[in-house]
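A structural walkthrough
Spelled out from the first residue to the last, the chains are:
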Amino acid sequence: FQRLKSGLGKTSSKLTSGITDLFSKRKLDANTLDDLEDLLIQSDLGLETTSRITDAIGKGRFEKGISADEVRSVLATEVERVLTPVAKPLVIEPSHKPHVIMMVGVNGTGKTTTIGKLANKFKSEGKSVVLAAGDTFRAAAIDQLKVWGERAGVPVVAREVGGDSSGLAFDALKQAQATGADVLLLDTAGRLQNKQVLMEELEKVTRVLKKLDPSAPHDVVLVLDATTGQNALNQVEVFRDRAGVTGLIMTKLDGTARGGILVAIAAKFGLPVHAIGVGEGADDLQAFSAADFARAIAG
Ligand code: GDP
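What you see is a predicted model; the values in this text were computed from it and never measured. (Residues numbered from 1 in each chain as written. Predicted model: local features only at pLDDT ≥ 70, side-chain atom pairs only at ≥ 80, totals over all residues. Heavy atoms only, no water.)

**Quick word on the overall build of the protein**
The condition that has to hold: What counts as a helix is a DSSP run of H or I of at least four residues, what counts as a strand is a run of E of at least two, and both are numbered from the N terminus. Radius of gyration: C-alpha atoms only; globule rule: 2.2 Å multiplied by the number of residues to the exponent 0.38. Exposure categories follow from relative accessible area, calculated using a 1.4 Å probe and restricted to protein chains: below 20% of the type maximum is buried, above 50% is exposed, and the middle band is partly exposed. Only heavy atoms matter for contacts: two residues are in contact if any of them lie within 4.5 Å across the pair. Using the Shrake-Rupley algorithm and a 1.4 Å probe, accessible areas are obtained, with residue cover drawn only from the displayed protein chains. By the counting rule applied here, Lys and Arg register as positive and Asp and Glu as negative, while His and the ends of each chain are not counted. A charged residue contributes its charge at one atom only: NZ of Lys, CZ of Arg, CG of Asp or CD of Glu.
Scanning the protein from terminus to terminus reveals twelve helices and eight strands. In terms of C-alpha radius of gyration, the protein reaches 21 Å, essentially the compact-globule figure of 19 Å for 299 residues. Reported as C-alpha extents along the three principal axes, the dimensions of the protein are approximately 70 × 40 × 35 Å. Relative to its 299 residues, the protein shows a buried fraction of 53%. In the protein, the share of contacts with a sequence separation of at least 24, taken over all contacts with a separation of at least 6, comes to 76%. Here the protein displays about 12,500 Å² of accessible surface, and carbon together with sulfur accounts for 50% of that area. Averaging the positions of the 37 positive and the 37 negative side-chain charges in the protein gives two centres separated by 1 Å.

This is how it looks when you write it as structure tokens:
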């Protein structure tokens, strides 16, 4: 929890110092509620959650007087309420041989790093893992995945740059099936310059996987970068509609004041949130806990 709390420090200090300023330094009046509303919106929590919080505090309580601590406690309660239904770990189904996890997302969001972290996690749980370097357009992504694979001691299926990503996905699943692997983690491209082409490519990868296992991919995990704030909302919409996203991982929650965006996304889409990234290292992927996240951002 301490790790999460310090990771979310910027998001939390923006909210908590804002609340302290509003509720300790002057008499409360109708403007205070408006200012609180502004603060919550600027913290990327989203309109829906913002209204819930201001409604829960209510005008009546203002007149009686409410302390900054009480406001923070309402914030924590409401955030937890939004996040609880979406907090769901990635579950590797043993009857899937392998359980295929397709990782999607815009370049730079932390997809490759997250695959590396997941590979470590599953390996340390005793599962056999195969990685597939499906972002065949970027040499750096392929190399980076190989480094993570070596570090975790798991095989990486890769081809040369420019190869066909669905062909690579096919080979990787075939190899994972042949070796009886438990998990296949498939990296994919994330060039957003041409959305149409990218989405068609992801659809093709899915079709090709189904030739070998009609139930694959078992998870399509969208990786989102918390520092992009409101842009992340658009990304969820595009990838959900076109790539069949089944769950989310949000990265880079450390070092941004925009962590509230996770709450807005949960309220708007209701997609499972599997884990969060709070740093660049192999251990910096945390299982997502609604209560811990709420407590961490409410200070
Ligand atoms: P990709 O293009 O989506 O595959 O993104 P990468 O995995 O290459 O990550 C882009 C950059 O973000 C790299 O420098 C990563 O080390 C960094 N990164 C990824 N996840 C996190 C995270 O949770 N926290 C921080 N601080 N950096 C991260």
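Having seen the model, we can carry on.
**Some thoughts on the nonpolar core**
The test is simple: We call a set of buried Ala, Val, Leu, Ile, Met, Phe, Trp, Tyr and Cys residues a nonpolar core when their side-chain atoms join them within 4.5 Å.
Formed by 75 residues in total, the largest nonpolar core has its most connected members in Phe239, Ile265 and Phe293. Considering each element in turn, this core owes the most residues, eight residues, to helix α5 (residues 68–83). Excluding its chain neighbours within four sequence positions, the residues that come into contact with phenylalanine 293 are Leu4, Leu8, Val79, Leu83, Leu253, Gly259, Leu262, Val263, Ile276 and Phe288. If you look at the next biggest cluster of nonpolar residues, it comprises 22 residues, including Ile92, Leu185, Val221 and Ile249.

**Some points on the pattern of salt bridges**
Applicable threshold: Within this document, salt bridges are pairs made up of a side-chain nitrogen of Lys or Arg and a carboxyl oxygen of Asp or Glu, the two lying within 4 Å of each other.
Inspection of every chain in the model, using the stated rule, returns 16 salt bridges. Residue arginine 72 pairs with aspartate 69 through a salt bridge whose shortest N-O separation is 2.6 Å. Of this pair, arginine 72 and aspartate 69 both sit in helix α5, three residues apart, roughly one helical turn. Close ionic contact of glutamate 125 with lysine 121 constitutes a salt bridge, the shortest N to O distance being 2.7 Å. When its relative accessible area of 36% is taken as the criterion, lysine 121 is described as partly exposed.

**Concerning the sheet that holds strand β3 (residues 156–157)**
Heads up, the rule is: For two strands to be treated as a pair, DSSP must find at least two bridges joining them. Convention adopted: a line fitted to C-alpha atoms gives each axis, helices being fitted over their contacting stretch, and angles between N-to-C directions are expressed from 0 to 180 degrees.
Here we have eight strands laid out as an open sheet, ordered β3-β2-β4-β1-β5-β6-β7-β8, and mixed in their pairing. The two strands at the open ends of the sheet, each matched to only one other strand, are β3 and β8 (285–287). Against the sheet, helix α10 (residues 231–243) touches β1 (99–104) and β5 (219–225), its axis set at about 160 degrees to β5.

**Remarks on the site of the ligand**
For the record, the criterion: Whether a residue is near a molecule or strand is decided by its heavy atoms; if any one of them lies within 4 Å of it, the residue is near. Under this definition, polar contacts are N or O atom pairs within 3.5 Å; protein pairs additionally need one hydrogen-donor-capable and one acceptor-capable atom, and for neighbouring residues in sequence, both atoms have to be side-chain atoms. Each residue is assigned to one of three groups, with Ala, Val, Leu, Ile, Met, Phe, Trp, Tyr, Cys and Pro labelled nonpolar, Asp, Glu, Lys and Arg labelled charged, and all others, Gly among them, labelled polar.
Neighbouring residues of the ligand: 18 residues in total, closest Gly108, Thr112, Thr113, Asp254 and Glu280. For the ligand, an oxygen atom lies 2.6 Å from a polar atom in the backbone of glycine 108. Within the contact set of the ligand, an oxygen atom lies 2.5 Å away from a side-chain nitrogen or oxygen of glutamate 280. Within the complex, the protein chains bury 80% of what would otherwise be the 580 Å² of accessible surface of the ligand. Counting residues per element, the shell around the ligand draws most heavily on helix α6 (residues 111–124), at four residues. Considering only residue class, the shell around the ligand consists of two nonpolar, ten polar and six charged.

**Describing the UniProt feature "domain: AAA+ ATPase" (unreviewed entry) in the protein**
Applied cut-off: UniProt positions are given in the numbering used here, feature names are shortened, and annotations may be inferred rather than shown by experiment.
In this numbering, the UniProt entry assigns the feature "domain: AAA+ ATPase" (unreviewed entry) to residues 97–277. Between the C-alpha atoms that bound residues 97–277 there is a distance of 27 Å. The span itself is 45% helix and 18% strand.

**Things to note about unusual backbone geometry**
Of all residues except glycine, most have a negative phi; of all peptide bonds, most are trans. Residue proline 98 is bonded to the preceding lysine 97 through a cis peptide linkage, with omega at 0 degrees. As for its position among the elements, proline 98 is in the loop between α5 and β1. Put simply, alanine 216 and proline 217 share a cis peptide bond, and its omega is -10 degrees. Within the element layout of this structure, proline 217 appears in the loop between α9 (195–212) and β5. Phi at aspartate 44 is positive, roughly 70 degrees, even though this residue is not glycine. By relative accessible area, which is 3% here, aspartate 44 ends up buried. Despite not being glycine, lysine 252 has its phi angle at roughly 60 degrees, a positive value.

**Some details on the packing of aromatic side chains**
Threshold: Paired rings are identified among Phe, Tyr and Trp, the last through its six-membered ring, by centres lying within 6.5 Å, and are further divided according to the angle between planes into stacked (under 30 degrees), edge-to-face (over 60) and tilted (the rest). Two limits define a charge over a ring: the Lys NZ or Arg CZ must be within 6 Å of the ring centre, and within 35 degrees of the ring normal.
Throughout the structure, instances matching the rule amount to one aromatic pair. Over the aromatic face of tryptophan 148 sits the side chain of arginine 151, whose NZ or CZ is 4.4 Å from the ring centroid. Above the plane of the ring of phenylalanine 137 lies arginine 191, whose end atom (NZ or CZ) is 4.0 Å from the centre.

**Overview of helix α3 (residues 30–42)**
The line we're drawing: The length a helix should cover is 1.5 Å for every residue beyond the first. Working note: the arc is built from the helix axis to C-beta atom directions.
Under the 1.5 Å per step criterion, the end-to-end length of α3 is 19 Å for 13 residues, consistent within 8% with the ideal 18 Å. Considered for burial, the residues of α3 that qualify are Thr32, Leu33, Leu36, Leu39 and Leu40. One face of α3 carries all of its buried residues, which in axial projection span an arc of 120 degrees. In α3, the exposed positions angled more than 90 degrees off the buried face are occupied by Ala30 and Gln42.

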